[in-house]
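Letter by letter, the chains look like this.
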Amino acid sequence: MRKDRPCILKTEDITMQFGGVVAVNNFSMEEYEGEIVAIIGPNGAGKTTAFNVITGVYAPTNGRVSFDGKTVIENCPRGKMKKSYLGENAGKYTHVIEPTPDRLTALGMARTFQNIRLWKSMTVFDNVLIAKHMKRSSNLFSATFGLNRAEDRQQREEADALIETVDLADVRDELSTSLPYGKQRRLEIARALATEPKLLLLDEPAAGMNPQETVELTKFIGEIRDQFHVSILLIEHHMDLVMDISERIYVLDFGSMIASGTPAEIQANEKVIDAYLGVTDDA
Amino acid sequence: MKAVRTPEENRRISWFCFFATLAFLGLVLLLDQLIKPTSPMYMLLTVLQKGSVYALAAVSMNLLNGCTGLFSLGHAGFMLIGAYTYAIFTIPSASRDTVYQYYDAAVRFSFPEVFGNAMGPAGTALGVLVAVILAGLMAAAFAYLIGLPVLRLKSDYLAIATLGFAEILRAVCQWQKLGPITNGSNLLKSFARVSKFKLVLGSTKLTLSTFVPVLIAAVSIMIIVKLINSTYGRAFKAIRDDEVAAEAMGINLARHKMISFTVSSFFAGVAGAMMAMVLSIAQASNFKSAMTYEILLMVVLGGIGSTSGSVIGSFLFVAASEWWLRGLDSGTFLGINAPNIFRNGFRLVVFSVIIMIVVLFFRQGIMGERELTDVWLNRRRARQKKKEAGK
């Protein structure tokens, strides 16, 4: 744990309820600058839901998310949900802050998706370049009439440099969907990095990868943490990868956190073994 | 395939397009002088006039439907706003009372006159230009208001809602209570129209009746192309390809959809103003949803997402329906005289069959998602490759 460093992401009592189902229940976690933290758990444990809450895709039913020292998301059970709320800590939070995902990305949070979501009709270069759109200072008028040449050129150079660093320069002009799976993942991470994030959220980056690609990815994630000075929060099923690179792990089961700690602690935790490791990770 | 371009090629293509457009404009200006209204070739000028109106409408619809992926069918409504705004603000005061027969006209000035009195003939031209821009701005303002609730919808629902709003606009325009402004369900006429556009230099008189609409369309389309190739255009395409990813990469969906919607409507308004000046009347009942479908058809014929496709599609469409297939309605077609078959309405039958063939067998349209410049570039590269292989 790097408690000496400032806290980059903090969630407090996040609860996400869909109808009568509590997908995430009272999930609190912290991540410090430069850390690699993993959220694991069996299928349907609520990992991706927690991710979607943190990135603003869903507004939580209750709870608060702070990013880089500021409260960015906060919500409390309102309206109909007030009566049907099944979670805890009702009334603890009173504000309603519901930013759209693009606001959070502008603050420095960037994510990838479990099922790759690249822009299909575009080349590798364009995919990275569009992620730079957010950083523009030009307005509609100056962009249309080409008054932003310098900025445009700079963004193109930055995109090219990024493509070079993630080792995709040889496929720069290929259509994004024509790449092999591993490279598509890599491109998605590069695209997220193009927004110059402080925190990178990876949703099952190794899903569907073969062992060789997984090893490469593990190395790659460590590299980008050091090279781009980002903190990384990831969801993963591949235990090798998780135990290898993450410094701390949170374990979810049926929406609730059942354990947290270093990889060694998690591996030794009875509850976790019962819920997950001992049963499902034979293969 | 879409060709990936180097910056060097991009620059060359931009200049090439610029000069090609200039050459085309010069040719139109020449044709404008050579072909007299009595000549049988005058149909060519009519096609160029109407074609440029529809080309701009189709390109602006393509910006919304093809590039941003917002399936909107409100185009006729915004063109209506443009046509009426243009007409109302260019009716000369002398003929205002005859136009507003049954009402007391509320707008009592016209831009060409106001500017003309202040600055002479150049002012009259400026007045027309101001009216055209105002037409676009009005359409954009309406689009903004309609967009606030409507752009939260997606795909088919958006199409239905915009279609509904366009019909509402048409109905409101024909409302009697608005008579002093819109002349109710009566048509607006006598305003600045293409047949009056002339340039007098000393003793020479240049006819500009085709040149002006083509020029307005060319400049507008150039601006749209610039927008599509800018960082905003790339963001629009990202939204079209994957909204969720676009939002996660920091693109503000509501804002960008609104930009695309209002810009598209602005140029629809300009196209509406051109429509008014070409047809020399403006009447709400002309701007039915059938017009939107026609424009959509041109976009699809040309290839969704391709600007040059939209332009080609609209000129072909207008030429076919106004000129080449005319004979099917009037007895003689391709030298075959069969008044019993080729009579009124038969043109539409043939036209529908052609469209069905295109939709069934050429689903990509004429250009697919490519631009003319892509075709040109690919050819050039293939040629170069051949040359190198020859060495």
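Residues numbered from 1 in each chain as written. Chains lettered and ligands numbered in written order. Predicted model: local features only at pLDDT ≥ 70, side-chain atom pairs only at ≥ 80, totals over all residues.

We now examine the overall build of chain A. Counting its secondary structure elements, chain A contains eleven helices and ten strands. In terms of overall dimensions, chain A is globule-like: its C-alpha atoms have a radius of gyration of 20 Å, near the 19 Å expected for 283 residues. Over its C-alpha atoms, taken along the principal directions, chain A stretches across nearly 55 × 45 × 40 Å. A burial count over chain A gives 44% of its 283 residues as buried. (Helix = DSSP H or I, 4+ residues; strand = E, 2+ residues; numbered from the N terminus. Rg over C-alpha atoms; globule rule 2.2 N^0.38 Å. Buried ≥ 20, exposed ≤ 12 C-beta atoms within 10 Å, placed from the backbone.)

The next point concerns the overall build of chain B. Scanning chain B from N- to C-terminus turns up 17 helices and four strands. Taking 2.2 N^0.38 as the reference for a compact globule, 391 residues should give roughly 21 Å; the C-alpha atoms of chain B span a radius of gyration of 22 Å, in line with that estimate. Along the three orthogonal principal directions, the C-alpha set of chain B runs to about 75 × 55 × 50 Å. Long-range pairs, those at least 24 residues apart, make up 75% of the contacts in chain B with a sequence separation of at least 6. (Contact = placed C-beta atoms within 7 Å.)

For A:Asp13, which is not a glycine, the phi torsion comes out positive at approximately 50 degrees. Tracing the sequence through the fold places A:Asp13 in strand 1 (residues 7-18). Here the phi dihedral of B:Asn183 falls at roughly 65 degrees; this positive angle occurs in a residue that is not glycine. The exposure class of B:Asn183 is buried, given the 26 C-beta atoms found within 10 Å.

All names here are of chain A. With mixed pairing, the six strands of this open sheet are ordered in space as 6-7-8-3-9-10. If you trace the sheet from one side to the other, it starts and ends with strand 6 (109-111) and strand 10 (256-261), each paired once. On average, each strand axis in the sheet is inclined to that of its neighbour by 20 degrees, with strand direction left out of account. As paired elements, strand 3 (residues 36-40) and strand 9 (residues 248-253) share four bridges and run parallel to each other. Looking across to strand 9, one finds that Ile39 is bridged to Tyr250. (Pairing = 2+ DSSP bridges. Axes fitted to C-alpha atoms, helices over the stretch in contact; angles between N-to-C directions.)

With that out of the way, let us pick up the nonpolar core. All names here are of chain B. Formed by 175 residues in total, the largest nonpolar core has its most connected members in Leu56 and Met274. The element that contributes the greatest number of residues to this core is helix 2 (residues 42-67), accounting for 14 residues. Apart from the residues within four sequence positions on either side, Leu56 is in contact with Ala217, Ser220, Ile221, Phe267, Val270, Ala271 and Met274. (Core = buried A, V, L, I, M, F, W, Y, C linked by C-beta atoms within 7 Å.)

What follows deals with the interface of chain A and chain B. With 31 residues of chain A at the contact, the number on the chain B side is 22 residues. Looking at the side of chain A that touches chain B, the elements that each hand over two or more residues are helix 3 (101-107), helix 4 (124-130) and helix 5 (140-144) of chain A. A per-element tally of the side of chain A that touches chain B places helix 3 of chain A first, with four residues. Of the residues that constitute the side of chain A that touches chain B, the class distribution is twelve nonpolar, ten polar and nine charged. (Nonpolar A, V, L, I, M, F, W, Y, C, P; charged D, E, K, R; others polar.)

Turning our eyes to something else, we now look at the sheet that holds strand 5 (residues 70-75) of chain A. Residue and element names in this part refer to chain A. An order of 2-1-4-5 is seen for the four strands of this open sheet, with the pairing classed as antiparallel. At either margin of the open sheet sits one strand with a lone partner, and together these are strand 2 (21-32) and strand 5. Between one strand axis and the next, the sheet turns by 15 degrees as a mean value, whatever way the strands run. Here strand 1 pairs with strand 4 (residues 62-67) via five bridges, running antiparallel. Looking at the pairing, Lys10 lines up with Ser66 of strand 4.

Turning our attention to the packing of helix 3 (residues 75-88) of chain B against helix 12 (residues 253-279) of chain B. Geometrically, a packed helix pair is captured by the angle between its two axes and the distance between the axes. All names here are of chain B. Here helix 3 crosses helix 12 at 55 degrees, and the two axes come no closer than 6 Å. Considered as vectors, helix 3 and helix 12 are oriented oblique to each other. Considering how the two elements wind past one another, helix 3 and helix 12 form a crossing that is right-handed. Of helix 12, the residues touching helix 3 (which contributes His75, Phe78, Met79, Leu80, Ile81, Gly82, Ala83, Tyr86 and Ala87) are Ser265, Ala268, Gly269, Val270, Ala271, Gly272, Ala273, Met275, Ala276 and Met277. Across the contact of helix 3 with helix 12, the residue classes break down as 14 nonpolar, five polar and no charged. (Parallel < 35°, antiparallel > 145°, perpendicular 65-115°, else oblique. Left-handed = near helix turned anticlockwise from the far one by under 90°.)

All names here are of chain A. Looking at chain direction, strand 4 and strand 5 are connected through five bridges and run antiparallel. If you follow Gly63 over to strand 5, its bridge partner there is Asn75. The hairpin turn running from strand 4 into strand 5, its antiparallel successor, is two residues long, and Asp68 in that turn takes a positive phi close to 55 degrees.

Glancing now at the pairing of strand 2 (residues 204-207) of chain B. Residues and elements named next belong to chain B. Two strands pair when backbone bridges link them, and strand 1 (residues 198-201) and strand 2 are joined in this way by four bridges, in the antiparallel orientation. Counted as the bridge partner of Lys198 is Thr207 from strand 2. The hairpin turn running from strand 1 into strand 2, its antiparallel successor, is two residues long, and Gly202 in that turn takes a positive phi close to 60 degrees.

On to the packing of helix 10 (residues 231-241) of chain B against helix 12 of chain B, then. Residues and elements named next belong to chain B. Contact geometry for helix 10 and helix 12: axes closest at 10 Å, N-to-C directions at 110 degrees. Here helix 10 is positioned roughly perpendicular relative to helix 12, judged by the angle of their axes. For the crossing formed where helix 10 meets helix 12, the hand is left-handed. Contact with helix 10, carried on its side by Tyr232, Ala235, Phe236 and Ile239, involves Leu253, His256, Lys257, Ile259 and Ser260 of helix 12 and no other residues of that element.

Turning our eyes to something else, we now look at helix 2 of chain B. Under the 1.5 Å per step criterion, the end-to-end length of helix 2 of chain B is 35 Å for 26 residues, consistent within 8% with the ideal 38 Å. Here helix 2 of chain B lies mainly inside the structure; 22 of its 26 residues are buried. (Expected span 1.5 Å × (residues − 1).)

Moving on, we get to the environment of B:Lys288. Looking at the element boundaries, B:Lys288 is found in the loop between helix 12 and helix 13 (289-302). Note: C-alpha distance between B:Lys288 and B:Ala76 (212 residues apart in sequence) is 6.4 Å.

With that out of the way, let us pick up the environment of B:Gly302. Residues and elements named next belong to chain B. Mapped onto the fold, Gly302 is located in helix 13. C-beta crowding within 10 Å serves as the criterion here: with 29 such atoms nearby, Gly302 is assigned to the buried category. Remark: the alpha-carbon pair of Gly302 and Arg383, spanning 81 residues in sequence, is separated by 26 Å. Residue contacts for Gly302: discarding those within four places in its chain leaves Ala58, Gly309, Ser310, Ile312, Gly313, Gly365, Ile366 and Met367.

For the rest of this paragraph, the subject is the confidence of the model for chain B. Per-residue confidence for chain B gives a mean pLDDT of 88; residues scoring 70 or more make up 99%. Mean pLDDT across the elements of chain B bottoms out in strand 3 (residues 332-333) of chain B (71) and peaks in helix 12 of chain B (95). (pLDDT = per-residue confidence, 0-100.)

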